[in-house]
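Descriptive structure summary
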Amino acid sequence: MIPQNLNLKTNRISLSVSNDLRFGRKTNNLERNLSRPKNAEVSLSAFSFLFSEVLQYSQNRVHGIQDLEKLLNEFGYRVGIRTLELLMWREKNVRRETRVLGILYFINTVVWKTLFGKQADSLEKSTENEDEYMISDNEPLVNKFISVPKELSQLNCGAFIAGIVEAILDGCQFPSRVTAHSVPLDGQPLRTTILIKFDKNVLLREDQMK
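Read on for a plain summary of the structure. In this text, all values refer to a predicted model and were calculated from it rather than measured experimentally. (Residues numbered from 1 in each chain as written. Predicted model: local features only at pLDDT ≥ 70, side-chain atom pairs only at ≥ 80, totals over all residues. Heavy atoms only, no water.)

1. Remarks on the sheet that holds strand 7 (residues 192–198)
- The strand order across the open sheet formed by four strands is 3-4-7-6, and the pairing between neighbours is antiparallel. Each having just a single partner strand, strand 3 (122–125) and strand 6 (176–182) make up the two edges of the open sheet. Strand-to-strand twist of the sheet, defined as the mean angle between neighbouring strand axes without regard to direction, takes the value 20°.
- Taken together, the six bridges between strand 4 (residues 132–137) and strand 7 define a ladder with antiparallel strand orientation. From the neighbouring strand, E132 faces strand 7, where its bridge partner is K197.
- The sheet strands contacting helix 5 (residues 159–171) are strand 6 and strand 7, and the helix crosses strand 6 at an angle near 160°. (Pairing = 2+ DSSP bridges. Helix = DSSP H or I, 4+ residues; strand = E, 2+ residues; numbered from the N terminus. Axes fitted to C-alpha atoms, helices over the stretch in contact; angles between N-to-C directions. Contact = heavy atoms within 4.5 Å.)

Structure follows, in structure tokens:
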């Protein structure tokens, strides 16, 4: 179905969504089984509409791009905490990661597939800083349907994903600072890199385990 643009003010962030939203029988969340359902996919239309509301809610409560990305990061952090809890329940064979590369691979594969239906496009270590790693997505879902006005051209909604990653790392005892950065390439204008900067105690622990 061809997406239809939401009619928002010109200085507002707009998001293209399909009107193909399907609502099923109401179910009490407390009655749902935590195990993986047969059809684990969520309607893209429903996600797009919900994220549009999150963006508009956030935009009305901040005064600049940095504040907006910070708020999106905070929302993502809340999602990340719950995502980790759910994954620990569903993935029966998952083990507690104690090494940096192990937890990064878990996020790059299991977490990305659970949230976005595919593995992240790359996982790299910084050549300049020992404590920095990068996870890149060539077409992040949170940016795919976003139409940003000129005055907010520097905005990267990947801050929401950065918050999710930071929450999962914190929950697994890998404290870090996670930020999102636009790194467009030819043919990949939405490419976003999630920059992970680990706390110094993480690297000290890593050295002791070698």
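2. Remarks on the pattern of salt bridges
- A full pass over the atoms with the stated rule returns seven salt bridges.
- For R99, the salt bridge identified is with E206, shortest N-O distance 3.1 Å. Of the two residues, R99 is situated in the loop between helix 2 (65–90) and helix 3 (100–116) and E206 in helix 6 (residues 200–209); the sequence distance between them amounts to 107 residues.
- Across the pair K197 and D131 runs a salt bridge, and its minimum N-O distance is 3.0 Å. Highlighted residues: K197 in strand 7 and D131 in the loop between strand 3 and strand 4, separated in sequence by 66 residues.
- Among the charged side chains, a network of salt bridges with common partners joins K118, D121 and D137. (Salt bridge = Lys/Arg side-chain N within 4 Å of Asp/Glu carboxyl O.)

3. A word on the pairing of strand 3
- By the bridge criterion, four bridges tie strand 3 to strand 4 in an arrangement that is antiparallel. In the strand pairing of strand 4, L123 is matched with I135.
- Counting the residues that bridge the hairpin from strand 3 to strand 4 gives six residues.

4. Concerning the packing of aromatic side chains
- Tallied over the entire structure, the rule returns six aromatic pairs.
- Between F51 and F160 the ring centres are 5.3 Å apart and the planes differ by 70°, which places this aromatic pair in the edge-to-face class. Placement of F51 in helix 1 (residues 44–59) and of F160 in helix 5 is noted, with a sequence separation of 109 residues between them.
- Residue F51 is classed as buried on the basis of its relative accessible area, which comes to 4%.
- Judged by relative accessible area, which is 11%, F160 ranks as buried.
- Look at F174 and F198: their rings are 6.4 Å apart centre to centre, the planes differ by 65°, and that puts the pair in the edge-to-face class. Within this pair, whereas F174 is found in the loop between helix 5 and strand 6, its partner F198 is found in strand 7, the two being separated by 24 residues in sequence.
- Three or more aromatic residues link up through ring pairs in this structure, and these residues are F47, F51 and F160.
- One Lys or Arg, R61, reaches over the ring of Y57 and ends 3.6 Å from the middle of that ring.
- Here the basic side chain of R205 rests over the ring of F174, its NZ or CZ set 4.7 Å away from the ring centre. (Phe/Tyr/Trp six-rings, centres within 6.5 Å; stacked < 30°, edge-to-face > 60°. Buried < 20%, exposed > 50% of the residue type's maximum accessible area, 1.4 Å probe, protein only. Lys NZ or Arg CZ within 6 Å of the ring centre and 35° of its normal.)

5. Focus: the nonpolar core
- Judged by nonpolar contacts, the single largest core of 41 residues is most densely connected at I107, W112, V165, L169, I194 and F198.
- Those elements giving two or more residues to this core turn out to be helix 1, helix 2, helix 3, strand 4, helix 5, strand 6 and strand 7.
- Once residues lying within four places of it in the same chain are set aside, the contact partners of F198 are V100, L104, D131, Y133, L169, F174, P175 and S176. (Core = buried A, V, L, I, M, F, W, Y, C linked by side-chain atoms within 4.5 Å.)

6. Regarding the layout of surface pockets
- Quantified by volume, the second largest pocket comes out at close to 260 Å³.
- Along its surface, the second largest pocket is lined by 14 residues, and E69, K70, N73, R177 and T179 are the ones closest to its centre.
- Secondary-structure elements contributing two or more residues to the lining of the second largest pocket are helix 2, helix 5 and strand 6.
- Examining the composition of the lining of the second largest pocket, we find that six residues originate from one element, helix 2, more than from any other.
- Of the residues in the lining of the second largest pocket, the class split is five nonpolar, four polar and five charged. (1 Å grid on protein atoms, 1.4 Å probe; cavity = no way out; pocket = protein on both sides within 12 Å on 5 of 7 lines; lining within 4 Å. Points joined across faces, edges and corners; volume = space filled by probe spheres on them. Nonpolar A, V, L, I, M, F, W, Y, C, P; charged D, E, K, R; others polar.)

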